[in-house]
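Per-entry structural report
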Amino acid sequence: FDPGDGAQGAVSAVAVLAEDKLIIAGDFTSYDGTACGRIARLNPDGSLDPGFDAGVGADGPIDSIAVQADGKVIVVGDFTSFGGIARGRIARVDADGSLDLSFNPGVGANAPVSCVALQADGKVLVGGDFTGYDGTLHDRVVRLNSDGSLDATFDPGTGANDLVSCLL
């Protein structure tokens, strides 16, 4: 495993994919001298996989990722756009790195999102330091439908009174 010069900046999330490839994300804008927008896919030998191209990617740090069974990756953090398209701190990218436009969080979270977890039914749990999601008051934890919309059937009551940094 030889990453060359590796990520230029912090890596805060790693996931193992099929064929022993890795997805890494964080607050880096290049990997081994090649520009990437805070997310990259690596080959088993540590080299950058050119088949994954997020373009400009996220405009701020990605703090956590979750890989769906279909290979799509949900990313959360402190960014407001991905690929130049507004995404309020949560986005989903296709297996090739491009933004999945079918996942639409609306205005998303009003403050950083620090963690994401997938449920078996395809719904998505997110937690962080936000007090609203898509214009609705929610303290630091919400559940989303598989299309990124808020799941109104999930009621965490008053929510958390401080940062949610991990979900399972």
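Refer to the structure presented above.
Residues numbered from 1 in each chain as written. Predicted model: local features only at pLDDT ≥ 70, side-chain atom pairs only at ≥ 80, totals over all residues. Heavy atoms only, no water.

Counting its secondary structure elements, the chain contains zero helices and 14 strands. Reading the chain from its N end, one meets helices and strands in the order β-β-β-β-β-β-β-β-β-β-β-β-β-β. For the chain, the C-alpha radius of gyration of 15 Å lies close to 15 Å, the compact-globule estimate for 168 residues. Its C-alpha atoms put the chain at 50 × 25 × 25 Å along the principal axes. Across the 168 residues that make up the chain, the buried fraction comes to 47%. Intrachain contacts of the chain at a sequence separation of at least 6 include 35% that bridge at least 24 residues. Taken as a whole, the chain presents about 7700 Å² of accessible surface, with 51% of it coming from carbon and sulfur. Between the centroid of the 10 positive side chains of the chain and the centroid of its 24 negative side chains there is a distance of 6 Å. (Helix = DSSP H or I, 4+ residues; strand = E, 2+ residues; numbered from the N terminus. Rg over C-alpha atoms; globule rule 2.2 N^0.38 Å. Buried < 20%, exposed > 50% of the residue type's maximum accessible area, 1.4 Å probe, protein only. Contact = heavy atoms within 4.5 Å. Areas by Shrake-Rupley, 256 points an atom, 1.4 Å probe, with all protein chains shown as cover. Lys, Arg positive; Asp, Glu negative; His and termini not counted. Charge placed at Lys NZ, Arg CZ, Asp CG, Glu CD.)

The subject of this paragraph is a negative patch on the surface. A grouping of Asp-2, Asp-5, Asp-32 and Asp-45 is seen on the molecular surface, where their side chains present a negatively charged patch. Looking at Asp-45, the relative accessible area reads 45%, which means it is partly exposed. (Patch = residues over 30% accessible without salt bridge, like charges linked within 9 Å, V, L, I, M, F, W, Y side chains within 5 Å. Salt bridge = Lys/Arg side-chain N within 4 Å of Asp/Glu carboxyl O.)

Turning our eyes to something else, we now look at the sheet that holds strand β11 (residues 124-128). Across the sheet, which stays open at both edges, the three strands sit in the order β10-β11-β14 with antiparallel pairing between neighbours. Lying at the two open borders of the sheet, with one neighbouring strand each, are β10 (113-118) and β14 (141-144). Across the sheet, the mean angle from the axis of one strand to that of its neighbour is 20°, orientation sign disregarded. Relative to β11, β10 runs antiparallel, the two being bridged by five bridges. Bridge pairing links Leu-118 to Val-124 in β11. (Pairing = 2+ DSSP bridges. Axes fitted to C-alpha atoms, helices over the stretch in contact; angles between N-to-C directions.)

Before going further, it helps to spend a moment on the side chain of Lys-21. On the secondary structure map, Lys-21 appears in the loop between β1 (7-16) and β2 (22-31). Classification of Lys-21 by relative accessible area gives buried; the value is 18%. Beyond its immediate stretch of four places on either side in the chain, Lys-21 contacts Ala-15, Val-16, Arg-41, Leu-42, Asn-43, Pro-44 and Asp-49.

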